[in-house]
Amino acid sequence: MTDLSGQSLGRYHLLERLGEGGMAVVYKAYDTLLERQVAVKIIRREAFPPETLPEVLARFEREAKALARLAHANIVRVYDFGEHEGSPFLVMEYIPGGTLKQKLGQPIPWQRAIHLLLPVARGVAYAHRHGILHRDIKPANILVTAEGEPLLTDFGIAKVFEGEQSVALTATGMFVGTPEYTAPEQWTGHTSPQSDIYALGIVLYELIVGRKPYEADTPAAILLKQTSEPLPRPGAFVGGLPEALEMILVKALARDPADRYKDMNAMADAMQALFPPLPLNLAVPQTEAGASGAPLPETKVYTTSGPKVSRLVWVAIGVVFVSLVGTFYLLAGRPSRPLPSAPQAAITEAGTVEADRTPVTQTESLAAAIVPSETPDVCAGATDPGAREMFTLEQITPCLDSVSKVSAFMANNIRMDGAWDAENCGELCYSPAWLVYQNGVDDLHGLVTLECYFLEKNGFDAYHLGLSIESPVGTNLCGVVTEDGVLVLEPDGKTVGSFASLAEVARFYINHGMMVNGGQLRTIRASEITQLTTNRSTPSLSELPWVFHPY
């Protein structure tokens, strides 16, 4: 296909070619109407016999309309479709950053592999619920944003090539798809949700092991291995893998679709179960008010006691006090003798100064001497404006030992500025608490990290909550697990309310338009967000050990 860079397809001006394959060419383009960058995928017309083109265009239109209805945080959005000189094209969300294929080559920690693919699994499950199969899940179809967020693209494209035949073939009879990621049944034209489960299992295996389970020089040889050879055990290549993880791969890559997971959500749940959930065994019922947009539940402020003082310290204080009191009474029993003292001046009613000649006894003098002075408050001013200049992070942290104190400090000392944060550390970076405190400004990610850090260090069961909306994360909050549920705080420290569970939190924000149904809910301890290198670089989304929660 001729390079179309510099040309326009209606309102879409093609800027540069991003990549191409046997079936299509992808361009970076500019939408002149909405003034945004998009990706345009043009299907190669020569991939089809001329007599099938009308059918292909009709099928492409049906698929494009179905894909445009998908709205999930980890699925690339389809905006539009059209035709250029007989070649159909899709207009999609432009995602800079490359693909997962570019990051392959060596094994990665299994935890990171799960964190990368769990959102993809949830996205595929969402598409399956809408009656759409992917049919070609592979690393090249998983885009990874600059922030490390995975998004799946090319949903249903393989179906465009199928037509009346059950197996996707080109005009030359070549199999459409990627043999190494193709389920055995797809070779005979039978595709189901379990086919996507198999393909995602291959991708997970490759990420963890560093190689595909079945490799050969020809598609036929790959099919032969799939149907005749046992699955190479992942633990034979990488040590220390949990047995539960290996069982996930064994089940996902079963030859018979009936032996695989019943659906993609079941596989995603098994992946999620590899990580311990939040301790939310809560028996307190939650009314529907918090999840339906009705008035919020009554806000409660939870405090924890400060550090416990050693018993030996209290015993020593008691001994000193008893000794002083005993000395006082011993002296009180002796005859009092006047002590020489300076005359005490007093002002008379006439306004003249007259010396107070009342003698001061030895007992009174000693009693005055042992009256303890007030202990200075080391936390004075910790919530006032300017506290950052008065305290180091280590000094102020024990002073902010309640939700109300953290809220007051955040409001008076930390400024939210997304543009400043993007300029200084990049889009959607997750700055550690010390860096947010040092700068006094960050976007909502940093504000949440800092307030959760204060609460966590003071004994609260606090977590940084990430709620997806589109791509990659729409809302960040601080959640505090209490006896009554999950107390949720906004980035500025203001209390939202108490919810019975994380699922209730998700439903509340879905109902308020701040999270999409089918998005992600993830948690992490603030103390786990740390600086990665000495040049002030901060971790991106996928580099953090998030724990994902179904809702």
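Asks: So what about the overall build of the chain? Which residues, and what values?
Replies: Secondary structure assignment for the chain yields 17 helices and 20 strands. When burial is assessed residue by residue, the chain has 47% of its 551 residues classed as buried. Accessible area for the chain stands at about 26,800 Å²; split by element, carbon and sulfur atoms hold 55% of it.

Asks: An account of the state of the cysteines is needed here, citing residue identities and associated values.
Replies: Under the counting rule described, the total for this entry stands at two disulfides. Across the disulfide from C379 sits C399; the S-S distance is 2.1 Å. Every disulfide takes its handedness from the sign of the S-S torsion; for C379 and C399 that torsion is -80 degrees, giving left-handed. Highlighted residues: C379 in the loop between helix 10 (362–370) and helix 11 (387–390) and C399 in the loop between helix 12 (393–396) and helix 13 (403–413), separated in sequence by 20 residues. Residue class for C399 comes out buried when judged on its relative accessible area of 5%.

Asks: Account for the sheet that holds strand 6 (residues 87–93), naming residues and giving values.
Replies: Consider a sheet: its strands pair through backbone hydrogen bonds, and that pairing is either parallel or antiparallel. A sheet is described by the order of its strands in space; here six strands give the open sequence 1-2-3-4-6-5, paired in antiparallel fashion. Only two strands of the sheet have a single neighbouring strand rather than two, namely strand 1 (8–9) and strand 5 (78–84). Where strand 3 (residues 24–31) meets strand 4 (residues 36–43), eight bridges bridge the pair, whose relative direction is antiparallel. The partner of Y27 across the bridge, within strand 4, is V40. Running over the sheet, helix 1 (residues 53–68) touches strand 4, strand 5 and strand 6 and is turned about 165 degrees from strand 5.

Asks: Report on the packing of aromatic side chains, specifying residues and quantitative values.
Replies: When we look at a pair of aromatic rings, we describe it by the centre distance and by the angle of the planes. Following the criterion strictly, the structure yields five aromatic pairs and no others. Taking 5.4 Å as the distance between ring centres and 85 degrees as the angle between the ring planes, the aromatic pair formed by F409 and F454 counts as edge-to-face. Separated by 45 residues along the polypeptide, F409 in helix 13 and F454 in helix 16 (residues 444–457) bring together distant segments of the chain. On the accessibility criterion, F409 (0% relative accessible area) is buried. Judged by relative accessible area, which is 0%, F454 ranks as buried. Ring geometry for F499 and F508: centres 5.3 Å apart, planes at 55 degrees, overall tilted. For the pair formed by F499 and F508, the shared burial category is buried. An aromatic cluster is built from F409, Y437, Y453 and F454, whose rings are joined through pairwise contacts. The positively charged end of R36 is found above the aromatic ring belonging to Y79, 3.8 Å away from the centroid. Above the ring of Y261, the side-chain terminus of K251 is found at 5.5 Å from the ring centroid.

Asks: Would you mind going over the pattern of salt bridges in detail, with residue names and values included?
Replies: The full count for this structure, using the stated rule, is 15 salt bridges. Among the ionic pairs, D3 bridges to R17, the shortest N-O distance being 3.7 Å. Here D3 is found in the segment before strand 1, whereas its partner R17 is found in strand 2 (residues 12–20), with 14 residues between them in sequence. Residue classification places R17 among the partly exposed residues on the basis of a relative accessible area of 25%. For the salt bridge of D269 with R122, the shortest nitrogen-to-oxygen distance reads 3.0 Å. You can see D269 sitting in helix 7 (residues 264–272) and its partner R122 sitting in helix 2 (residues 110–129), a full 147 residues away along the chain. A residue is classified by how much of its surface remains accessible, and D269, at 38% relative accessible area, is partly exposed. The exposure class of R122 is buried, given its relative accessible area of 15%. In the salt-bridge network here, residues are joined through shared partners; they are R11, D31 and R36.

Asks: Any details on the pairing of strand 16 (residues 475–482)? Residues and values, ideally.
Replies: Among the eight residues in strand 16, eight count as buried, and that is most of the element. Burial along strand 16 is two-sided: T475, L477, G479 and V481 and N476, C478, V480 and T482, pointing in opposite directions, are all buried. Summarising the sheet, strand 15 (residues 461–467) and strand 16 pair through seven bridges and their orientation is antiparallel. If you follow Y463 over to strand 16, its bridge partner there is G479. Pairing of strand 16 with strand 17 (residues 485–489), which is carried by five bridges, proceeds in the antiparallel orientation. Within the sheet, the bridge partner assigned to T482 lies in strand 17 and is G485.

Asks: Provide a residue-level description of the environment of L249, including the pertinent values.
Replies: Summarising the element assignment, L249 is placed in helix 6 (residues 243–252). Along the primary structure L249 and L231 are separated by 18 residues, whereas in three dimensions their C-alpha atoms are 9.2 Å apart. If we ignore the near neighbours within four places in the chain, the residues touching L249 are G201, L204, Y205, L231 and P234.

Asks: Can you explain helix 6? Please cite residues and give values.
Replies: Helical geometry note: an α-helix holds 3.6 residues per turn, so side chains three or four residues apart project in the same direction. Those residues of helix 6 not exposed but buried are L245, E246, I248, L249 and A252. Summarising the axial view, the buried residues of helix 6 lie within an arc of 150 degrees, below the 170-degree limit, and thus occupy one face.

Asks: Which residues make up unusual backbone geometry, and what are the values?
Replies: At E35, a residue that is not glycine, the phi angle is positive and equals roughly 55 degrees. Position of E35 among the secondary structure elements: in the loop between strand 3 and strand 4. With a phi close to 80 degrees, R135 is a non-glycine residue in the positive phi region. When you line up the elements, R135 lands in the loop between helix 2 and strand 7 (142–144). Overall, the relative accessible area of 17% leaves R135 in the buried class.

Asks: Residue-level account of helix 16, with values.
Replies: When the terminal C-alpha atoms of helix 16 are compared, their 20 Å separation across 14 residues agrees well with the 20 Å that a helix rising 1.5 Å per residue should span. Judged by how many residues are buried, helix 16 sits mostly within the fold: twelve of 14 residues are covered. Residues H445, G446, L447, V448, T449, L450, E451, C452, Y453, F454, L455 and E456 constitute the buried set of helix 16. Phi turns positive, to about 95 degrees, at G459, one or two residues after helix 16.

Rules used throughout
Residues numbered from 1 in each chain as written. Predicted model: local features only at pLDDT ≥ 70, side-chain atom pairs only at ≥ 80, totals over all residues. Heavy atoms only, no water. Helix = DSSP H or I, 4+ residues; strand = E, 2+ residues; numbered from the N terminus. Buried < 20%, exposed > 50% of the residue type's maximum accessible area, 1.4 Å probe, protein only. Areas by Shrake-Rupley, 256 points an atom, 1.4 Å probe, with all protein chains shown as cover. Disulfide = S-S within 2.5 Å. Pairing = 2+ DSSP bridges. Contact = heavy atoms within 4.5 Å. Axes fitted to C-alpha atoms, helices over the stretch in contact; angles between N-to-C directions. Phe/Tyr/Trp six-rings, centres within 6.5 Å; stacked < 30°, edge-to-face > 60°. Lys NZ or Arg CZ within 6 Å of the ring centre and 35° of its normal. Salt bridge = Lys/Arg side-chain N within 4 Å of Asp/Glu carboxyl O. Arc of directions from axis to C-beta. Expected span 1.5 Å × (residues − 1).

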